[in-house]
Amino acid sequence: MRWYKHLYVGEQARKKRYALISRIRYRKLQRDAYVITLAESGNNLLEIYSSYALLSPWMKEEDLLILGIACGKEEAMELAGRIVMDVYRATGGFLLRPYFQEGR
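Residues numbered from 1 in each chain as written. Predicted model: local features only at pLDDT ≥ 70, side-chain atom pairs only at ≥ 80, totals over all residues. Heavy atoms only, no water.

> Looking at this structure, how should I read the pattern of salt bridges?
Opposite charge on two side chains allows them to pair when their charged atoms are near. For the coordinates displayed, the defined rule picks out 2 salt bridges. Here Arg89 and Asp86 are joined by a salt bridge, their closest N and O atoms 3.2 Å apart. Of this pair, Arg89 and Asp86 both sit in helix α4 (residues 73-91), 3 residues apart, which is roughly one turn of the helix. (Salt bridge = Lys/Arg side-chain N within 4 Å of Asp/Glu carboxyl O. Helix = DSSP H or I, 4+ residues; strand = E, 2+ residues; numbered from the N terminus.)

> What should I look at first to understand the environment of Arg27 in this one?
Note on placement: Arg27 falls in the loop between α2 (17-25) and β2 (33-38). Here the alpha-carbon distance between Arg27 and Ser51, two residues 24 residues apart in the chain, equals 8.2 Å. Residue contacts for Arg27: discarding those within four places in its chain leaves Met1, Leu54, Leu55, Met59 and Lys60. Polar side-chain contacts of Arg27 include one of 3.1 Å to the backbone oxygen of Leu54. (Contact = heavy atoms within 4.5 Å. Polar contact = N/O pair within 3.5 Å; in protein donor to acceptor, adjacent residues only side chain to side chain.)

> Just checking my understanding: could you explain the sheet that holds strand β3 (residues 46-50) for this structure?
Across a sheet, strands are paired by hydrogen bonds formed along the backbone, either parallel or antiparallel in direction. The strand order across the open sheet formed by 4 strands is β1-β4-β2-β3, and the pairing between neighbours is mixed. Lying at the two open borders of the sheet, with one neighbouring strand each, are β1 (2-9) and β3. If you compare each strand with its neighbour and ignore which way they point, the axes differ by 30° on average. Of the strand pairs in this sheet, β2 and strand β4 (residues 65-71) are connected by 5 bridges, and their pairing is antiparallel. Bridge assignment links Thr37 to a residue of β4, and that residue is Ile66. Those strands touched by α4 are β1, β2, β3 and β4, and its axis lies near 135° from that of β4. (Pairing = 2+ DSSP bridges. Axes fitted to C-alpha atoms, helices over the stretch in contact; angles between N-to-C directions.)

> Explanation requested: α2 in the structure shown.
Note that an α-helix has 3.6 residues per turn; residues three or four places apart therefore point the same way. Among the residues of α2, those classed as buried are Leu20, Ile21 and Ile24. For α2, the angular spread of the buried residues around the axis is 95°, confining them to a single face. At its buried positions, α2 is contacted by β1, α1 (11-14), β2 and β4. Positive backbone phi, approximately 55°, marks Arg27, located one or two places after α2. (Buried < 20%, exposed > 50% of the residue type's maximum accessible area, 1.4 Å probe, protein only. Arc of directions from axis to C-beta.)

> How should unusual backbone geometry be read in this particular structure?
Keep in mind that most residues, glycine aside, have a negative phi and that most peptide bonds are trans. Of note, Arg27 is a non-glycine position whose phi angle comes to about 55°, a positive value. A positive phi is found at Asp32, a non-glycine position, where the angle reads about 65°. Along the polypeptide, Asp32 turns up in the loop between α2 and β2.

Structure (structure tokens):
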């Protein structure tokens, strides 16, 4: 699991972001916390995972780039929309993977 250096943080998550990041990093159960990552396959741009999903054994093997954290599913969806719009404003397109893998 890797963390984007300019991590997107939802409004509710901002108050407790350091605790959220620490608990997610050490794979501790975090109620109502969500992470936003680049989609691994398919036609999706981003994927939203609850912190519960990060505890599953197959997730330990995944090399996820976490772009954002949020408290609540609604906040996670709003944050995902903000990420997509920021990339569109910067590049004029929706190629998220090259944008974030270039280290921006």
